[in-house]
Amino acid sequence: MSRLFHSAAPMMAAILGLAGLPAAALAQDAAAAAPTLNSGDTAWMLMSTALVLLMTIPGLALFYGGMVRKMNVLATVMQSFAICCMVSILWFAVGYSIAFTEGTPYFGSLSKFMLSGVAIDSLQGTIPETLFVVFQMTFAIITPALIAGAFADRMKFSSMLIFTALWSVLIYAPITHWVWGPGGFLGGDGVLDYAGGTVVHINAGVAGLVAAIVLGKRKGYPNENFAPHNLVLSLIGASLLWVGWFGFNAGSAAAADARAGMAMLVTQIAAAAAAMAWMLVEWATKGKPSILGIISGAVGGLVAITPAAGFVGPTGALVIGLVSGVVCYWGATGLKRSLGYDDSLDAFGVHGVGGIVGAILTGVFAQEAIGGTAGALEGNIGQIWTQVYGILATIAYTAIGSFILLKVVDVVIGLRVDEDVERDGLDLALHGESIH
C-alpha cells in the first residue's frame, strides 16, 4: 500500500497543481496527520528501556541484598529476579491490556490480551508499540519488587510470588490506567505524574507498609542486631538505580527531545540535593554521616523528582531534592519508631513518603513552559489540591486492595515463614543455598 501511495503521489500532485490547489501544503498536512516512526526517538527509548530494567536487576537486587543480614541475602536478591521474570509474563498476558487500552475510567479492557493486535508495525506515538510495551513492562517489574523491601526477612517465597502476581494485575495495572491509560480518571482530572510518583512509588510504598503491618515485626526487632551485611553491595545497587533512573524519568518523554533533556537534568540535581540533605541531617543528629544514609537520601530524591521530572525546572528540582532528603530521613527513622511498624528496608519511608512529597511539590513547582501545566508558583494553586486528590485515591485503593490480597494469601497458604526458618535464615531453608 505504501509503494502504491508513493508511486501515485507525483500524479496526484500534478492534478492538484492543475486544479490550483496547494498540493505541497496538503501533502504536508497528510504527513503530519499520519504517525511515523522516528529513529532517534526509538533509539533513545531502546536505551531507556534497558536502563529501567537495570534498576531492578541488578540495581534493586543489590541495593536490598546488601542491607539484609548475610543469612538472607540470597533470598532477597532472588525476590527481585523472580519478580522480574514473573511480571514480564503477566504484563505480556494481561497487564498491558488492562493499563493501556480503552475501557472504563478505572480499568482498561482485555482487547490486547496476550498482546493481540500489537504488530511489528504498530506505533505508539513515534516509537514501535512493541517498544512501548516493554518500556512500560520495566515499570511494572520494579514496582512490586520495591514492596519486597518492606517484608524482607520473613515472607514465604511461594506467598510472595502469589501476592505479587495478584497485586500486579489487580492493583498496579488499574492504577496505571487511572493515571496514564486512555480515559483514566486521574489523568483526565489533571493529576500530574510524569514518570510514576503515584503509579510506582506511592503505590509500592503504601503496599509495603500494609504488608509490614500485616506480617508483623521480625523476630527480635528492634532489640537484636539487624545491621546490613554488606554496604558495598548496597552502594553499587543504589548507583545502578541512579543511572537507571535517567531511563525512568527522561525516558518517560517517549522521545529524544528537549523535555527529555530537562527531565535528565532535574533528576541529577534532585538526587544529589537529597543525598546531601539526608547526610547532613544524619550527621547533625547522630554525629557521623553514613554510607547507608547518603545512598538512601539519593534514592529518596530520585523518588521525589519522578512525578515532577517533566514539569519542573532546575530550581524546583533543587528544592524537591532538599525537602525529600529531610522528610525521607524522618520517614525512615522518626515516623517508623513513633508508629512502631517494621518496614525492614524502608520501602514506605523512602518510596511512599518520597512519592507523596514529590507529588505535592509537583503541584507547587510545575511550569507551563516545560510541561504545559502551571503550578502554584505560577498562579495555579488548585494544582496542589489536584495532586493531593491523586495521592489519596492511590493510597486508598492500594491500601485496601493490598490488605485484602495479603489476607487471602495468608488464609490459603500462610504468609510468614516458620519461626525456626526466620531465626536460622531464609537462604538455606527456602532455596538450599548460602553464602559462606
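Residues numbered from 1 in each chain as written. Predicted model: local features only at pLDDT ≥ 70, side-chain atom pairs only at ≥ 80, totals over all residues. Heavy atoms only, no water.

### Some points on the pattern of salt bridges
Opposite charge on two side chains makes pairing possible when the charged atoms of those side chains draw close.
Next up, step 1: Going through the model one piece at a time under the given rule, you end up with eight salt bridges.
Next up, step 2: Note that aspartate 346 is salt-bridged to lysine 336, the shortest N-O span being 2.8 Å. Taken as a pair, aspartate 346 in the loop between helix 12 (314–339) and helix 13 (347–365) and lysine 336 in helix 12 lie far apart in primary sequence, ten residues in all.
Next up, step 3: Between arginine 423 and aspartate 420 there is a salt bridge, with the nearest N and O atoms lying 3.0 Å from each other. In this pair, arginine 423 and aspartate 420 both sit in helix 16 (residues 419–424), three residues apart, roughly one turn of the helix.
Next up, step 4: Here aspartate 420 falls in the partly exposed class, since its relative accessible area comes to 46%.
Next up, step 5: Put simply, Arg69, Asp153, Arg218 and Asp342 are held in one network by salt bridges that share partners. (Salt bridge = Lys/Arg side-chain N within 4 Å of Asp/Glu carboxyl O. Helix = DSSP H or I, 4+ residues; strand = E, 2+ residues; numbered from the N terminus. Buried < 20%, exposed > 50% of the residue type's maximum accessible area, 1.4 Å probe, protein only.)

### Quick word on the UniProt feature "domain: Ammonium transporter AmtB-like" (unreviewed entry) in the protein chain
Next up, step 1: With numbering matched to this structure, UniProt assigns "domain: Ammonium transporter AmtB-like" (unreviewed entry) to residues 43–434.
Next up, step 2: Between the end C-alpha atoms of residues 43–434 the distance is 41 Å, and the span holds 70% helix and 1% strand. (UniProt positions renumbered as here; feature names shortened; annotations may be inferred.)

### Quick look at the nonpolar core
Next up, step 1: Phe63, Trp91 and Phe248 are the most contacted members of the largest nonpolar core, which has 112 residues in total.
Next up, step 2: It is helix 5 (residues 129–147) that contributes the most residues to this core, twelve residues altogether.
Next up, step 3: Core analysis: the second largest hydrophobic core is formed by five residues, Ala93, Ile98, Val169 and Ala173 among them. (Core = buried A, V, L, I, M, F, W, Y, C linked by side-chain atoms within 4.5 Å.)

### Observations regarding helix 13
Next up, step 1: Between the first and last C-alpha of helix 13 there are 26 Å, a value that for 19 residues agrees with the 27 Å anticipated at 1.5 Å per step.
Next up, step 2: The buried fraction of helix 13 amounts to 17 of the 19 residues, a majority that puts the element mostly inside the structure. (Expected span 1.5 Å × (residues − 1).)

### Topic: the packing of helix 11 (residues 291–305) against helix 12
Next up, step 1: At a minimum axis separation of 8 Å, helix 11 and helix 12 run at an interaxial angle of 125°. Classified by the interaxial angle, the pair formed by helix 11 and helix 12 is oblique. For the pair helix 11 and helix 12, the sense of crossing is right-handed. Residues Gly300, Gly301, Ala304 and Ile305 of helix 11 form the contact with helix 12, whose participating residues are Ala317, Ile320, Ser324 and Cys328.
Next up, step 2: When the residues that make up the contact of helix 11 with helix 12 are grouped by side-chain class, the tally is five nonpolar, three polar and no charged. (Axes fitted to C-alpha atoms, helices over the stretch in contact; angles between N-to-C directions. Parallel < 35°, antiparallel > 145°, perpendicular 65-115°, else oblique. Left-handed = near helix turned anticlockwise from the far one by under 90°. Contact = heavy atoms within 4.5 Å. Nonpolar A, V, L, I, M, F, W, Y, C, P; charged D, E, K, R; others polar.)

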